[in-house]
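# Understanding the architecture of this molecule
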Amino acid sequence: MAPPAQAHRSPSPSQPSGKGEVSDLKSQLRQLAGSRAPGIDDSKRELFKKVISYMTIGIDVSAVFGEMVMCSATSDIVLKKMCYLYVGNYAKVNPDLALLTINFLQRDCKDEDPMIRGLALRSLCSLRVANLVEYLVGPLGLGLKDNNSYVRTVAVIGVLKLYHISAPTCIDADFPPTLKHLMLNDPDPQVVANCLSALQEIWSLEASTSEEASREREALISKPVIYYLLNRIKEFSEWAQCLVLELVAKYVPLDSNEIFDIMNLLEDRLQHANGAVVLSTIKVFLHLTLSMTDVHQQVYERIKAPLLTLVSSGSPEQSYAVLSHLHILVMRAPFIFASDYKHFYCQYNEPSYVKKLKLEMLTAVANESNTYEIVTELCEYAANVDIPIARESIRAVGKIALQQYDVNAIVDRLLQFLEMEKDYVTAEALVLVKDLLRKYPQWSHDCIAVVGSISSQNVQEPKAKAALIWMLGEYSQDMQDAPYILESLTENWEEEPSAEVRLHLLTAVMKCFFKRPPETQKVLGAALAAGLADFHQDVHDRALFYHRLLQYNVSVAERVVNPPKQAVSVFADTQSSEIKDRIFDEFNSLSVVYQKPSYMFTDKDYRGPFEFSDELGNLSIAAESADNVVPAQGVEANDKDLLLSTSEKEEIRGATFNVSGYSAPLYDSSAASVQSELAIISSTSAGSAPSSSLAIDDLLGLGLSAAPAPEPASVPPSLKLNSKAILDPGTFQQKWRQLPISLSQVYLPFLTLILF
Amino acid sequence: MPVAASAIYFLNLRGDVLINRLYRDDVGGNMVDAFRTHIMQTKELGTCPVRQIGGCSFFYMRISNVYIVIVVSSNANVACAFKFVVEAVALFKSYFGGAFDEDAIRNNFVLIYELLDEIMDFGYPQNLSPEILKLYITQEGVRSPFSSKPTDRPVPNATLQVTGAVGWRREGLVYKKNEVFLDIVESVNLLMSSKGSVLRCDVTGKILMKCFLSGMPDLKLGLNDKIGLEKESQLKSRPTKSGKTIELDDVTFHQCVNLTRFNSEKTVSFVPPDGEFELMKYRITEGVNLPFRVLPTIKELGRTRMEVNVKIKSVFGAKMFALGVVIKIPVPKQTAKTSFQVTSGRAKYNASIDCLVWKIRKFPGQTEPTMSAEVELISTMAEKKSWTRPPIQMEFQVPMFTASGLRVRFLKVWEKSGYNTVEWVRYITKAGSYEISSTDGKVLMFGDGILVQQLVSALGSRQTLHNKAIPICKAV
């Protein structure tokens, strides 16, 4: 992990250091400042270019501020622009010097050339220095009334900039009502669009404190405003159209006539070349018809063609953005897209992020009529050079198998995967066969024959190995060699790195014992002994548990370990429908790409390392939806994986201690959070969300310390850790907020490690 | 919720900032460091173009040797952001005259700063139309057209156009010779089994236009597409002329096209921008005319020898010809020696891509050249598992041929001064991803348990449109 970058923008080593050059520039600029020789502009321009290029590569050229301002008296517009750019960049760090520029900027705001007026006004508003706001109000007021539309567009955004520098000044100057007036009356569409952006921003920020502002915000989505904007929609630029359509999507029409009017008006937008406009239109259509089931379905039919076109045109990044939206629609109504499955076939030169989405969609649209072809296609991807995609496609085959009743053909193919002799293919297929057997025990006979022939030596991945062992235990009566395979696995107990596999091995040996006692007895003894000696707490505990259970009563033990099982009918859905609806509400935004509602990644409380905070009830949801986004981690993401091996824990701890100053709270909270997670999982009433401190108490009291409890002995005394990490979520939050943001970024990977 | 961009960065492949523009203060200045450490220097690069780091989202795109990164702090509109980048790059290209790469940025950074200022204000996209921006941001940038000081060439009514209603065309254009050029460019995507059956196939086409017309002309374009023809025959109440009609799956148009009129009358009518632009895009999946059929037979003779025979049939008219035909036949990595016999063109073994490459510069229609090659392999112990055989790929361009069969029926230009115009049309079809499976994976999948799973995989075969002047045959 690289340390957080210290330099603001560090110049690369090959660049000049800048010191000497800057002073050179300074003297050259000074010479030019007074000169009135012809052609002076050209030499100025060269110098300005140099200054700007230094600025770009990160050399601090703020030292020549004064000289730059002196040289700015020119009629050359390019020179002016460079000067404005320079001033805008350094004014914030040199507020005193910025005052120097006010004068010439204000003068330029009154230039006869509207271009210069606009530029000057924009630069003036971009200074972002709080104590200069008083100089902004006048020019802005004039700018809003300027007879040139270019100046007005600049002035409108200027008002927004002023609002962000000093909200009271902006409100006191009565700018928002002026903007509203302009929005409804200005002939220039770009002015209108900018007014709309500015007002939306200002009023939603004001709405929390002022009732009037929230009323005004509501008024933006009132019938007159919406109709006014819709009637002018063709005048707007493509970007402004997105903005307007976004607003229209929020509008609630009174009756169905209105809905159809709006849809008829916007129908042709679906043919627009700009994908963003098309998506915004689709959003409007979908939201307007939410309550009209049949029309809603027609909308899906209507938007299918434009969406598919958008996906196949443009850069991969653009098609990814569209695909994400198509993805959410396919997930909502797979049957509508069932006949278009060929569009979701992957092309080989597509980037893997596109392929991954397509695979998910193929899985979703599979039905009785197209399963055969889809699965055939997926099987071809299984040999893909891109291993993650190959894995995904095998998983997709498995998912389809779990959805369908007619699994006959699919099972055959999964079994063929097992024989492909590629480690990762075998591994994925094993996991799938296990899931399949849990749902369709009737297939056990076919599967077991093939699984039995797999040498456990060839399976290395923990997940796959665990799956294989599970099957060995579950079907030991059908597999001739089961006890002996288990025996050889038990002999290699010491070499097995994964605790998950060892846990499964214990259970499998137990199951096998009840089915074939004479053959297994010896193995069981060896496994229990090895388990008891295991350094991993969970394995140790489980071995101890089995041991005592067997001592107590063998038939009870059998009932515990080997109860009659019911086939699993439905595997738990990873995302609640409430969250899915929320994402759908935020159609055409980042939420769809991240596949989580915006509050999860924009609210400070939810994003990144904070996901475990506040409401414990949300914790699992947040973690799971994150899994969907990062499936690479998702493979590993399983509650069992929270039981990290001790060595990994040590690493985290060691790393955490390296941070001076903040290490103590960080350590506290991270360790405790792991515990609280475990507590939730271990406690039977996970859904009812017990208060976290209570859960931690339980955990510590029971001594079920799967995660290393913060033992004082292991802690350097200088750090003064709590011996018992009992912190309520609020306190965690507090401590987290104290951390500088860069720290939390750096530690994000560690924490995700803990969380997932 | 504001959806404005907070900053835009241009980075080179090493991660050095070429140019950056911070539009808002809500992201820190060290955002680019976060991008470097968390995306560029990790394997994450290329896994997903949208990434979240800390509280900010990064959208990034690689264009030649430059990364363009947009940083946002809120729930932004992704499609809009990427489209913005694409449009901005198109704008820069039109200013630089072609290339957009690191050198072009370094040489034009002042200009880019100027443009970045105009195309986006405080994170909201403004005007990205090259026609309008070129009015007041000139490469020389000597004088603003609004300047009150006398200029050589008065620009009439320019203020209106800066933000004006007909955003894509300025008034007062005069050309001595009024000309319109239409290019219909189609790319065929195909996946064919080795037996010659089409597994999937589609055509994406676009109509590119170059207009050199005076005044404010109104144009009307007629194609041989089904809907348009039906509508027309209804209007004129006479049966459609015989001939092939094309069913377009979907069409999108440049913003200049009057969409209302397209929907009601099914005619493409528009006031074109000056110069070059993309008039429309379409997609077709039914009734595609494939220009080539490829019939490969690949035999593995023992462990160390392979025999490759490929026959290619050109199925377009005998008078036409394809240009720049390249066929890439993948062979195993351990290929040692190759020998070829070709009836046309030249073939060689390219070890860096593990392919036999057969090139035919000029490929007439209705011919069937063949290539047979013998490949000797080094026998290795490690390679006992069967080789996953990627598909054969093909590149080509066929001028005056459209895989969809689309034809321009008429192009009418109407302008109030009533001048004469010359219209030029040309067609070209090129290969998108044109792939032929070298072994039929399916047969083996359901075969008698031999699990030689064959991979159908390919590398991109993106290519640029053949720029050489192609004879313009048909003046409408």
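Everything discussed here concerns the structure shown above.
Every value quoted in this text rests on a predicted model; they were computed, and no experiment measured them.

## As for the overall build of chain A
- For chain A, the count of helices and strands is 40 helices and zero strands.
- Counting over 756 residues, chain A shows a buried share of 58%.
- Of the contacts made within chain A by residues no fewer than 6 positions apart, 67% connect residues no fewer than 24 positions apart.
- Within the structure as shown, chain A displays about 31,500 Å² of accessible surface, and the carbon and sulfur contribution to it stands at 53%.

## A look at the nonpolar core
- Judged by nonpolar contacts, the single largest core of 279 residues is most densely connected at Y86(A) and F10(B).
- The element contributing the most residues to this core is helix α2 (residues 78-96) of chain B, with 13 residues.
- A domain split of this core shows at least three residues from each of domain 1 (465-573) and domain 2 (577-604) of chain A.
- Every residue in contact with Y86(A), bar those within four places of it in the chain, is listed here: V51(A), I52(A), M55(A), V61(A), S62(A), A63(A), V64(A), F65(A) and M68(A).

## A word on the environment of F587(A)
Residues and elements named next belong to chain A.
- Within the secondary structure layout, F587 lies in the loop between α31 (577-585) and α32 (590-594).
- Taking C-alpha positions, F587 is 9.0 Å from I282, a pair spaced 305 residues apart along the chain.
- In contact with F587, not counting residues within four places along its chain, are E246, L279, I282, K283, L286, H287, H325, I328, L329 and V592.

## What to know about the sheet that holds strand β14 (residues 292-301) of chain B
Residue and element names in this part refer to chain B.
- Spatial strand order, β14-β15-β20-β17: four strands in an open sheet with antiparallel pairing. This sheet does not close on itself; its edge strands, each paired only once, are β14 and β17 (335-342). The sheet shows a mean angle of 15° between the axes of neighbouring strands, direction not considered.

## Looking at the pattern of salt bridges
- Under the defined criterion, the tally for this structure stands at 44 salt bridges over all chains.
- Salt-bridge contacts for E201(A) lead to R24(B); the nearest nitrogen and oxygen are separated by 2.7 Å. Note that E201(A) is positioned in helix α11 (residues 189-206) and R24(B) in the loop between β2 (17-22) and α1 (31-40), a pairing that runs across two chains.
- Taking relative accessible area as the criterion, E201(A) reaches 2% and is therefore assigned buried.

## Some points on helix α12 (residues 211-220) of chain A
Residues and elements named next belong to chain A.
- Burial in α12 covers these residues: A213, E216 and L220. Down the axis, α12 shows its buried residues gathered within 60° of arc, on one side only. Exposed and facing more than 90 degrees away from the buried side of α12 are E211 and R215.
- On the buried face of α12, the contacting elements are α10 (175-185), α11, α13 (223-231) and α14 (238-248).
- The backbone nitrogen of E212 lies 3.2 Å from a side-chain oxygen of the residue at the head of α12, namely S210.

## Brief notes about the pairing of strand β9 (residues 198-212) of chain B
Residue and element names in this part refer to chain B.
- Summarising the sheet, strand β8 (residues 179-192) and β9 pair through 14 bridges and their orientation is antiparallel. Opposite L191, over in β9, you have R200 as the bridge partner.
- Looking at chain direction, β9 and strand β13 (residues 275-284) are connected through nine bridges and run antiparallel. Residue M209 lies in a different strand from β13, and its bridge partner there is F277.

## Overview of the sheet that holds strand β5 (residues 66-72) of chain B
Residue and element names in this part refer to chain B.
- One open sheet holds the five strands; their spatial order is β2-β1-β5-β4-β3, and the pairing between them is antiparallel. Edge positions in the sheet fall to β2 and β3 (50-53), since each has one partner strand and no second. The sheet shows a mean angle of 20° between the axes of neighbouring strands, taken without regard to direction.
- The pairing of β3 with strand β4 (residues 56-63) spans four bridges and is antiparallel. Bridging across to β4, I53 finds its partner in C56.
- Lying on the sheet, α2 is in contact with β1 (7-12), β3, β4 and β5; it crosses β4 at an angle near 35°.

## Focus: helix α15 (residues 256-266) of chain A
Residue and element names in this part refer to chain A.
- The set of residues buried in α15 consists of E258, I259, I262, M263 and L266. Each buried residue of α15 sits inside an arc of 130° when the element is viewed along its axis, so together they form one side. α15 presents N257, D261 and N264 as exposed residues on the side facing more than 90 degrees away from its buried surface.
- In this structure, the buried side of α15 is in contact with α13, α14, α16 (275-288) and α17 (293-312).
- For α15, the N-terminal capping position is held by D255, with its side-chain oxygen 3.3 Å away from the main-chain nitrogen of N257.

Thresholds, definitions, all that
Residues numbered from 1 in each chain as written. Chains lettered and ligands numbered in written order. Predicted model: local features only at pLDDT ≥ 70, side-chain atom pairs only at ≥ 80, totals over all residues. Heavy atoms only, no water. Helix = DSSP H or I, 4+ residues; strand = E, 2+ residues; numbered from the N terminus. Buried < 20%, exposed > 50% of the residue type's maximum accessible area, 1.4 Å probe, protein only. Contact = heavy atoms within 4.5 Å. Areas by Shrake-Rupley, 256 points an atom, 1.4 Å probe, with all protein chains shown as cover. Core = buried A, V, L, I, M, F, W, Y, C linked by side-chain atoms within 4.5 Å. Domains from an automatic or database assignment. Pairing = 2+ DSSP bridges. Axes fitted to C-alpha atoms, helices over the stretch in contact; angles between N-to-C directions. Salt bridge = Lys/Arg side-chain N within 4 Å of Asp/Glu carboxyl O. Arc of directions from axis to C-beta. Polar contact = N/O pair within 3.5 Å; in protein donor to acceptor, adjacent residues only side chain to side chain.

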